[in-house]
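Inside the fold
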Amino acid sequence: MSKSDPKANNNGFNPFDPTGMLKGMRDSNMDAWAKMMVEFVNTEAYAESTGAMLDAWLTTSGPLRKAMEKSMAQALAELNLPSRDDISRLAERLTHIEMRLDDMEAQIDEALPTRSQ
Amino acid sequence: MATTESTPEVNNEFPSFSDVCAQWHKAAENWDKFHRALTTDAKIAQTPKQLVWTLNKAKLYRYTPVVPEEERKPIPFLMVFAIMNRPHVLDLRPGHSFAEYMLRHGYDLYLLDWGAPGPEDKNMKFDDYTLEYLPRVVRKLKKVSGSDQFSMLGWCLGALISTMYAALRPDDGLKNLILLTAPLDFENKDAGGFVRWSSDPAFNADIIVEKLGNVPGEMIDNGAKMLKPIENYFGSFTMLWDNIEKPGSVEAWHAMNTWVRDIIPMAGGAYKQLINELYKENRLINGKMKLRGETVDLKRLKANLLNVIAQADHITPPCQSERIMDLVGSEDKELLRVRGGHIGIMAGRGAEKNTWPHMESWLAERSG
């Protein structure tokens, strides 16, 4: 063992390695934790509690979100500005127009097979 | 029995000050590398490609061929990835890219990127992806390539969409279909966390979509990570730290992490269908899945089929992909089991030696 290898001390334990100690602790526990957690997240209790928590979060945050949306829509209407819903509807219509254009382009391609790409 | 005992030689020499300084300096350098890998983006999806078609957020790319035209396979190859992730994992990094690999083997290669749905896309369903977008993509691909036939690869939910398309439009020119980790059969409610969680009565996809519109990427990402929480929240980072002095490993990790961090939402309509009609009611396998009023009859799927299953897949457990082999109408079909996980089979270290060559040779035999 070379003099410059600090791990030579105490069967691999080296107080001067800033991560070695943590690494040792981690390696001895991680596999056990991983197995335990996989088992845990696959239990009925976990599925139930996740569903309930999600439901509770959505239910409690819902009214606040709705109130904010309403007041924002009112404010935008006062300022003669489109709301998010207005823009979403417009974007949906644009997608439908895009689809029609795509179909028309394909029909033109079919009618003029030599048309360049 | 003779036993020998040995006492390990203990070196009680105290390390020199310069050794300790060198150690700490190295640790600081490693920490800097670690931090950079976590917080910066690697250059991914670098293979040259041209945009040939767009519709809403969807884009169709054609990769620049690298072999002369006369040596190219005559049947173009389309790759369809999932709708809730970016497709860059198919072209992860130069030298380790499936797209690059297929180009080198002479394929005329196309990539469909579904894009990130906006609030205006919250009602998009599998009906739209399968019967509005994909047929238009195929039409454009045929026009650009000049071929009436094509091959298609679908991965994860991209495989679900590809399967339904192949069954609904069997005469559209699809010759070869490769499915990768395809979530199709949800009969077994104990297989995989997603099915188990979403089958619980407390889990209500309708409320989630009603309140949120599109399902946030963070929610899907955390759901996927919670399937293996220790590995995903800790193991991945400890692996990086353990390999921090190996530039190749750091580069690979950095590229994968860049892709993993780039999360996108999932369209609310498709999410509701996935949970209610597929996870809970298993409609596709039961022959009750309807898109735009048309029943998806898997017997009508006639394309040559290669179904690739990841044996250690915790997102799409093998049992979710197996049964389709008995239900499709394809005469030429093969089930390939690969060691690895959901993403690892295509982007892991073994992909270049196992999955890619097998897929390529299967496709090459059928692309003449």
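A word on helix α4 (residues 157-168) of chain B. When the terminal C-alpha atoms of α4(B) are compared, their 16 Å separation across twelve residues agrees well with the 16 Å that a helix rising 1.5 Å per residue should span. Buried within α4(B) we find B:Leu157, B:Gly158, B:Ala159, B:Leu160, B:Ile161, B:Ser162, B:Thr163, B:Met164, B:Tyr165, B:Ala166, B:Ala167 and B:Leu168.

The next subject is a nonpolar patch on the surface. The grouping of A:Leu94, A:Ile97, A:Leu101 and A:Met104 at the surface amounts to a nonpolar patch, some 400 Å² of accessible area in total. Among the structural elements, A:Ile97 can be located in helix α3 (residues 84-111).

Scanning the entire structure with this criterion turns up three cavities of 30 Å³ or more. Taken as a whole, the largest cavity encloses approximately 60 Å³ of empty space. What lines the largest cavity is simply B:Asn56, B:Lys57, B:Ala58, B:Trp114, B:Gly115, B:Pro117, B:Asp121, B:Met124, B:Tyr129 and B:Tyr133. Tallied by class, the residues present in the lining of the largest cavity amount to six nonpolar, two polar and two charged. Taken together, A:Gly51, A:Leu54, A:Asp55, A:Leu58, B:Ala202, B:Phe203, B:Asn204, B:Ile207 and B:Ile208 make up the full set of residues lining the second largest cavity. Contributions of two or more residues to the lining of the second largest cavity are made by α2 (44-78) of chain A together with α6 (205-212) of chain B. It is α2(A) that contributes the most residues to the lining of the second largest cavity, four residues altogether. Residue composition of the lining of the second largest cavity, by class: six nonpolar, two polar and one charged.

So, on to the pairing of strand β2 (residues 58-63) of chain B. Residue and element names in this part refer to chain B. Most of β2 sits out of view: five of its six residues are buried. Of the pairings in the sheet, the one linking strand β1 (residues 49-55) to β2 comprises six bridges and is antiparallel in character. When the bridges of β2 are listed, Trp-53 appears paired with Leu-60.

Residues and elements named next belong to chain B. Judged by nonpolar contacts, the single largest core of 112 residues is most densely connected at Phe-77, Leu-78, Phe-98, Phe-126, Trp-155, Leu-157 and Met-266. Among the elements that make up this core, the one with the highest residue count is α4 (nine residues). The residues contacting Trp-155, other than those within four sequence positions of it, are Val-80, Phe-81, Ala-82, Val-89, Leu-90, Leu-180, Thr-181, His-342, Ile-343 and Met-346. Counting residues in each nonpolar core, the second largest holds seven residues, with Ala-37, Trp-241, Val-250 and Trp-253 among its members.

Residue and element names in this part refer to chain B. Inspection of the entire model under this criterion finds 30 salt bridges over all chains. The salt bridge involving Arg-36 is made with Asp-32; its shortest N-O contact spans 3.0 Å. Linking Arg-36 with Asp-32, this pair stays in helix α1 (residues 17-39), spanning four residues, or about one helical turn. Judged by relative accessible area, Asp-32 falls into the partly exposed class, the value being 38%.

All names here are of chain B. Along the chain, Asn-176 turns up in strand β6 (residues 174-180). Among the residues examined, Asn-176 registers a relative accessible area of 0% and is labelled buried. Side-chain polar atoms of Asn-176 contact the backbone oxygen of Arg-366, separated by 3.1 Å. Excluding anything up to four places from it in sequence, Asn-176 contacts Phe-150, Ser-151, Met-152, Ala-303, Asn-304, Trp-362, Leu-363, Arg-366 and Ser-367.

The rules behind each value
Residues numbered from 1 in each chain as written. Chains lettered and ligands numbered in written order. Predicted model: local features only at pLDDT ≥ 70, side-chain atom pairs only at ≥ 80, totals over all residues. Heavy atoms only, no water. Helix = DSSP H or I, 4+ residues; strand = E, 2+ residues; numbered from the N terminus. Expected span 1.5 Å × (residues − 1). Buried < 20%, exposed > 50% of the residue type's maximum accessible area, 1.4 Å probe, protein only. Patch = residues over 30% accessible without salt bridge, like charges linked within 9 Å, V, L, I, M, F, W, Y side chains within 5 Å. Areas by Shrake-Rupley, 256 points an atom, 1.4 Å probe, with all protein chains shown as cover. Salt bridge = Lys/Arg side-chain N within 4 Å of Asp/Glu carboxyl O. 1 Å grid on protein atoms, 1.4 Å probe; cavity = no way out; pocket = protein on both sides within 12 Å on 5 of 7 lines; lining within 4 Å. Points joined across faces, edges and corners; volume = space filled by probe spheres on them. Nonpolar A, V, L, I, M, F, W, Y, C, P; charged D, E, K, R; others polar. Pairing = 2+ DSSP bridges. Core = buried A, V, L, I, M, F, W, Y, C linked by side-chain atoms within 4.5 Å. Contact = heavy atoms within 4.5 Å. Polar contact = N/O pair within 3.5 Å; in protein donor to acceptor, adjacent residues only side chain to side chain.

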